[in-house]
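Descriptive analysis of the structure
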Amino acid sequence: MKFLVTGGAGYIGSHVVLKLIEQGHDVNIIDNLSRGSIEIIDYLKSNGWNGEFLKSDIGDIDRVGKFLTGKNHDCVIHFASFISVGESTKNPIQYFENNVAQFPKFLSSVVFHGIEKFILSSSAAVYGNQKDNAPIKEETPLNPSSPYGTTKVMLEQMLDAYAKRNPNFKFASLRYFNVAGCNIDQKIGDVLFADKENLIPMCLSCAAGIRDKISIYGTDYNTEDGTCIRDYIHVDDLANAHIEIVEHLNNDYYNVGNGVGYSVRDIVNSCLKITARKMEVVETDRRPGDPDFLCADATKIQEKTKWKPKTTNIDDITRSAWEWIRKIKHLP
Ligand SMILES: NC(=O)c1ccc[n+]([C@@H]2O[C@H](COP(=O)([O-])OP(=O)(O)OC[C@H]3O[C@@H](n4cnc5c(N)ncnc54)[C@H](O)[C@@H]3O)[C@@H](O)[C@H]2O)c1
């Protein structure tokens, strides 16, 4: 198949591009490099990717339209987005402009060029705070607690509305839980890990001496050790979920997670263990928008497809990210 991947110069998109080319698919990429890196494009090339790259906003109809002309893509995988809960609470308009306002223009280009399969990167952030700390099913009422989560709900609604009027158009929305780790074969990884606000990259940057300390944001959550609990899915497993779902697009929503929750303290301890390095850890106030507990019930995608996560041990997940950092930073 021929895929158009938006956000392919970012962390998850690049891992998916690698899986797609390993399976013999053709892939072209659009990314404005606002949060991605040309270095990732170079890593993809060095791993055999020979598709075309357009540096552009997804909402730039002229440039995207020209790029799509004559290429006959079969499927879009849409990763391009700003992704930080914290940043979205500080600057919601930026999030609505980038993630939402550009989307109808992009979708118009996709539809105009006859692409009828669409996979959306959605997020567990659509669920927000729930009443009880139980694994979340897809039918759980959506209750985003950040503008970021709201942007993902809005994209799902736009796709749903469009698909209802156009029976040939089929989409799946994959609601990722916390995506972590780097390619197990170390062919690709998170080159911008040091700038990330995600817990594992922050801890590992600290272990690598790039960051002075890490903060635990809030120790009074309604969880056993008082810190937030999240479900961590290895990025290679997540990438495989895209490959599996593409044959089953039916305008539906799927959680993608491991179904196991780890607290912030568990993650810090895993990073201390696998790096065997020191980290200064400080406890500080809660960040706005962080729910107590987000853990997936991911049985739906496992019933629909053959997908199953393989790297489920948290130490294996953190180790794959640490090995990547050691490789690109030449650490002993
Ligand atoms: N990382 C996670 O844990 C996680 C969890 C849930 C969902 N997601 C979703 O997965 C997707 C990919 O996340 P990631 O972690 O790889 O983020 P990332 O920031 O590494 O990648 C996003 C890419 O999109 C590009 N981009 C952003 N806005 C764009 C625009 N308007 N036009 C063109 N390019 C644009 C950026 O330059 C970047 O390369 C996002 O949609 C995110 O919301 C991520």
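Our subject in this report is the structure included herewith. Values in this document were obtained by computation on a predicted structure and should not be read as measured data. Every residue gets a number counted from 1 within its own chain, in the order that chain's sequence is written. This being a predicted model, a pLDDT of at least 70 is required before a residue's local features are given, and a value of 80 or more before pairs of side-chain atoms are given or counted; all residues contribute to the totals for chains, interfaces and linings.

1. Considering the pairing of strand E9 (residues 229-234)
How we decide: Any residue with 12 or fewer other C-beta atoms within 10 Å of its own C-beta is exposed, any with 20 or more is buried, and the rest are partly exposed; the C-beta atoms used are placed from the backbone. Numbering of helices and strands runs from the N terminus; a helix is a DSSP stretch of H or I covering at least four residues, while a strand is a stretch of E covering at least two. A pair of strands is labelled paired if DSSP reports no fewer than 2 bridges between them.
Within E9, six of the six residues are buried, which leaves the element mostly enclosed by the surrounding structure. One ladder, built from three bridges, connects strand E7 (residues 178-180) with E9; its direction is parallel. What sits directly across from Ala180, in E9, is His234. Of the pairings in the sheet, the one linking E9 to strand E11 (residues 261-263) comprises three bridges and is antiparallel in character. Following the sheet pairing, Asp231 is matched in E11 by Gly261. Note: E9 against strand E13 (residues 293-294), two bridges, orientation parallel. Residue pairing for E13: Ile229 is matched across the bridge by Phe293.

2. Remarks on the site of the ligand
This is how the line gets drawn: The C-beta atom of each residue is placed using the backbone, and any residue whose C-beta lies within 6 Å of a molecule or strand is treated as near it. Classification used: nonpolar for Ala, Val, Leu, Ile, Met, Phe, Trp, Tyr, Cys and Pro, charged for Asp, Glu, Lys and Arg, polar for all others including Gly.
Around the ligand, the structure places 28 residues, and the nearest of them are Gly7, Gly10, Gly36, Ala80 and Ser81. Going through the elements one at a time, helix H1 (11-22), strand E5 (117-123) and E7 are the ones with two or more residues in the shell around the ligand. Among the elements that make up the shell around the ligand, the one with the highest residue count is H1 (three residues). Tallied by class, residues from the shell around the ligand come to eleven nonpolar, 14 polar and three charged.

3. A look at the nonpolar core
The condition that has to hold: Throughout this description, the term nonpolar core refers to a group of buried Ala, Val, Leu, Ile, Met, Phe, Trp, Tyr and Cys residues whose C-beta atoms join them within 7 Å.
Val5, Val17, Ile119, Cys203, Leu204, Leu238 and Val256 are the most contacted members of the largest nonpolar core, which totals 100 residues. Top element by residues in this core is helix H8 (residues 199-207). It accounts for seven residues.

4. Thoughts on the pairing of strand E2 (residues 26-31)
Here is the rule we go by: By convention a crossover is right-handed if, when the strands point away from the viewer, the path from the first strand over the helix to the second runs clockwise.
Counting buried residues in E2 gives five out of six residues, a clear majority hidden from the surface. Read from strand E1 (residues 2-6) through H1 to E2, the crossover connection turns out right-handed. In this sheet, strand E3 (residues 53-55) lies alongside E2 in parallel orientation, the contact comprising three bridges. Pairing of Asp31 across the sheet is with Lys55, part of E3. Crossover handedness for the path E2 to helix H2 (residues 38-46) to E3: right-handed.

5. Comments concerning unusual backbone geometry
In this model, Leu33 sits at a positive phi of 60 degrees, which is unusual for a non-glycine residue. Within the secondary structure, Leu33 sits in the loop between E2 and H2. By the C-beta count within 10 Å, which is 14 here, Leu33 ends up partly exposed. Phi is positive for Asn72, close to 50 degrees, though the residue is something other than glycine. With respect to the helices and strands, the residue Asn72 is situated in the loop between helix H3 (61-68) and strand E4 (75-78).

6. Remarks on the sheet that holds E5
Selection criterion: Here an axis means a line fitted to C-alpha atoms, over the contact stretch when the element is a helix, while the angle between two N-to-C directions is reported on a 0 to 180 degree scale.
Taking strand neighbours across the sheet as the criterion, the seven strands line up as E3-E2-E1-E4-E5-E6-E10 in an open arrangement whose pairing is parallel. Here the strands that pair on one side only, and so sit at the sheet edges, are E3 and strand E10 (252-256). Across this sheet, the average inter-strand angle for adjacent strands is 20 degrees, counted without regard to direction. Pairing analysis gives seven bridges linking E5 to strand E6 (residues 170-176), with the strands arranged parallel. Bridge assignment links Phe118 to a residue of E6, and that residue is Phe171.

7. Details of H3
Note on helix geometry: an α-helix contains 3.6 residues per turn, so any two residues three or four positions apart are oriented the same way. Our working definition: Working definition: the arc comes from the directions between the helix axis and the C-beta atoms, pointing outward to the latter. In this description, a residue-residue contact is defined by the distance between C-beta atoms placed from the backbone, which must lie within 7 Å.
Inspection of H3 places Val64, Phe67 and Leu68 among the buried residues, and these make up the whole buried set. Along the axis of H3, the buried positions cluster into a sector of 95 degrees, meaning they face one direction only. Elements in contact with the buried residues of H3: E2, E3 and helix H6 (103-112). Just past H3, the residue Gly70 takes up positive phi, approximately 80 degrees.

8. Things to note about the packing of H8 against helix H10 (residues 264-275)
For any two helices packed against each other, the geometry is given by the interaxial angle and the distance between the axes. Note the cut-off: With the far helix as reference, a near helix turned anticlockwise by less than a right angle produces a left-handed crossing, and one turned clockwise produces a right-handed crossing.
Packing of H8 against H10 leaves a shortest axis separation of 10 Å and a crossing angle of 35 degrees. The element H8 and its partner H10 pack so that their crossing is right-handed. Judged by residue contacts, Leu199, Ile200, Cys203, Leu204 and Ala207 of H8 engage Val264, Ile267, Val268, Cys271 and Thr275 from H10. Looking at side-chain class alone, the contact of H8 with H10 contains nine nonpolar, one polar and no charged residues.

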